[in-house]
Amino acid sequence: MSETADARVIPIDAARRGDHRAEPPRDDDVLDRRIAEVLAFLRRRISGEYEVDEFGYDPELNDKVLLELIRPLYRHWFRVDTLGMPNVPAEGGALVVANHSGTLPVDGMMLQVALHDDHPARRPVRLLGADLVYQLPVIGHLARKTGHTLACPEDADRLLRKGELVGVFPEGFKGVGKPFSERYRLQRFGRGGFVASAIRAGVPIIPCAIVGAEEIYPKIGDLRLLARLLGFPYFPITPLFPWLGPLGLIPLPSKWLIEFGEPIRTDDLDPSAADDPMLVFNLTDQVRENIQHRLNELRLRRGPAFPFLPI
């Protein structure tokens, strides 16, 4: 036997001990497995063998289709880094309260991917959205499928008591639609309904700061007449939209950071405290100040929004 042939021989004893590496799966095997998974998924969808909860949440569709579509934005376009993920509990109800920005609510989708992909427990977050979201064709239906629901106390209370991780953006359209000149300045947090829901359920409040969304569609103007005609809270003008048409809807590739702060406990309060306006106001203000402080620090930590540009 030649030296070349000897070099390829793996002794029987070594093979039994596992001293050589197993051959990686061939491309054909990977492709076959992927095709089988897709066909099994389609069969379940056609036959109706999948679960949807009382809010319309479809976990399989969310995990295997919707998250797959937006994950490239998270990983490669915005290059999102997360901090403080251990502050989000692995199980049980909790309320994630985040700042809202970006002209279009892309930050909600990125928050969803962050908690699903980067949390050790791969937690789905049930976002609370404005009425307008569920009045839009297709978008409202997809929002339900991804586990989101109306931003109302009844739905928030039910989800939190079920042990779900719930996400809320208290600024609403005031935050997501603010001009670029007011970036990273938190708007008013409303009447604190989210705090009351957390108190009634006895769950922790997780402050969340998102840096990066402000730069994806810098809003420099607003076509208010057109917005009123369409029934929208605003119709933005950005450096690229509407001048470039559909191309102007491509978000700029800013660098993102998402930080989850230390939980603010509510389980030491009596549920009846949710009816105390002053207590709710003070706790709401505490959450708002916490997030604003984190935004200020996170902006410095991130540095330039577009670090690849020589400016």
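About the cut-offs
- Residue indices begin from 1 for each chain and proceed along its sequence in written order.
- In keeping with the predicted nature of the model, local features appear solely for residues at pLDDT of at least 70, side-chain atom pairs appear and are counted solely at 80 or more, and the whole-chain, interface and lining totals rest on all residues.
- Hydrogen atoms and water are omitted, and side-chain values are computed over all heavy atoms in the structure.
- For every residue, the predictor states its confidence as a pLDDT score lying anywhere from 0 to 100.
- The criterion used for residue contact is that any of the two residues' heavy atoms lie within 4.5 Å.
- Counting from the N terminus, the helices are DSSP H or I runs at least four residues long and the strands are E runs at least two residues long.
- By definition here, a salt bridge exists when the distance from a side-chain nitrogen of Lys or Arg to a carboxyl oxygen of Asp or Glu is within 4 Å.
- A simple rule labels every residue: compare its accessible area, found with a 1.4 Å probe on the protein chains alone, to the largest value its type can have, and call it buried under 20%, exposed over 50%, or partly exposed in between.
- We define a nonpolar core as any set of buried Ala, Val, Leu, Ile, Met, Phe, Trp, Tyr and Cys residues linked to one another through side-chain atoms lying within 4.5 Å.
- Two strands are counted as paired when DSSP detects at least two bridges linking them.

- Under the annotation held in an unreviewed UniProt entry, the protein chain carries the name Acyltransferase family protein and is attributed to Bailinhaonella thermotolerans.

1. Describing the confidence of the model for the protein chain
Moving on, step 1. Considering every residue of the protein chain, the mean pLDDT works out to 89; 90% of them sit at 70 or more.
Moving on, step 2. Contacts for the low-pLDDT stretch residues 1–20, under 50 throughout, to residues beyond four places or in other chains number seven contacts.

2. Quick look at unusual backbone geometry
If a residue is not glycine, its phi is most likely negative; likewise, a peptide bond is most likely trans.
Moving on, step 1. Omega for the bond connecting Phe241 with Pro242 falls within 30 degrees of zero, at 10°, which places this linkage in the cis form.
Moving on, step 2. For Thr103, which is not glycine, the phi dihedral falls at a positive 70°.
Moving on, step 3. Phi angles above zero are rare outside glycine, and Arg122 is one such case at about 50°.
Moving on, step 4. You can see Arg122 is positioned in the loop between helix H5 (106–117) and strand E3 (125–129).

3. Comments concerning the pattern of salt bridges
Between side chains of opposite charge, a pair can form when the charged atoms approach closely.
Moving on, step 1. Following the criterion strictly, the structure yields 17 salt bridges and no others.
Moving on, step 2. Two residues, Lys255 and Asp81, come together in a salt bridge whose shortest N-O distance is 2.7 Å. Here the residue Lys255 occupies a position in the loop between strand E8 (236–237) and strand E9 (257–260), and Asp81 occupies one in strand E1 (residues 81–83), the gap between them amounting to 174 residues.
Moving on, step 3. For Lys255, a relative accessible area of 16% translates into the label buried.
Moving on, step 4. The class of Asp81 is partly exposed, set by a relative accessible area of 39%.
Moving on, step 5. Residue Arg265 is joined to Asp267 by a salt bridge in which the shortest nitrogen-to-oxygen separation is 2.9 Å.
Moving on, step 6. Arg265 sits in the exposed class, given a relative accessible area of 55%.
Moving on, step 7. Overall, Asp267 belongs to the partly exposed group, its relative accessible area being 46%.
Moving on, step 8. Residues participating in the shared-partner salt-bridge network are Glu68, Arg71, Arg75, Asp117 and Asp118.

4. Let's talk about the nonpolar core
Soluble globular proteins tend to bury their nonpolar side chains together.
Moving on, step 1. By size, the foremost hydrophobic cluster in this structure holds 32 residues, and its most contacted members are Leu95, Val97, Phe194, Ile205 and Val287.
Moving on, step 2. For this core, the elements supplying multiple residues, two or more each, are strand E2 (94–98), helix H8 (153–161), strand E5 (165–168), helix H10 (193–201), strand E6 (205–211) and helix H12 (277–302).
Moving on, step 3. Here the element with the most residues in this core is H12; it accounts for six residues.
Moving on, step 4. Once residues within four sequence positions are removed from consideration, Leu95 is found in contact with Leu160, Val166, Val168, Phe194, Ala198, Val203, Pro204, Ile205 and Ile206.
Moving on, step 5. If you look at the next biggest cluster of nonpolar residues, it comprises 29 residues, including Ile70, Phe78, Leu115 and Trp256.

5. Structural notes on the side chain of Ser101
Moving on, step 1. With respect to the helices, strands and loops of the structure, Ser101 is situated in the loop between E2 and H5.
Moving on, step 2. Ignoring anything within four residues of it in the chain, the contact list for Ser101 reads Asp107, Gly175, Val176, Lys178, Ala213 and Glu214.

6. Some thoughts on the sheet that holds E6
Moving on, step 1. Read across the open sheet, the seven strands follow the order E1-E9-E6-E2-E5-E3-E4; overall the sheet is mixed. The sheet is open, and its two borders are formed by E1 and strand E4 (149–150), each paired with just one other strand.
Moving on, step 2. Examined bridge by bridge, E6 and E9 share four bridges and lie antiparallel to one another. Within the sheet, the bridge partner assigned to Ala209 lies in E9 and is Glu259.

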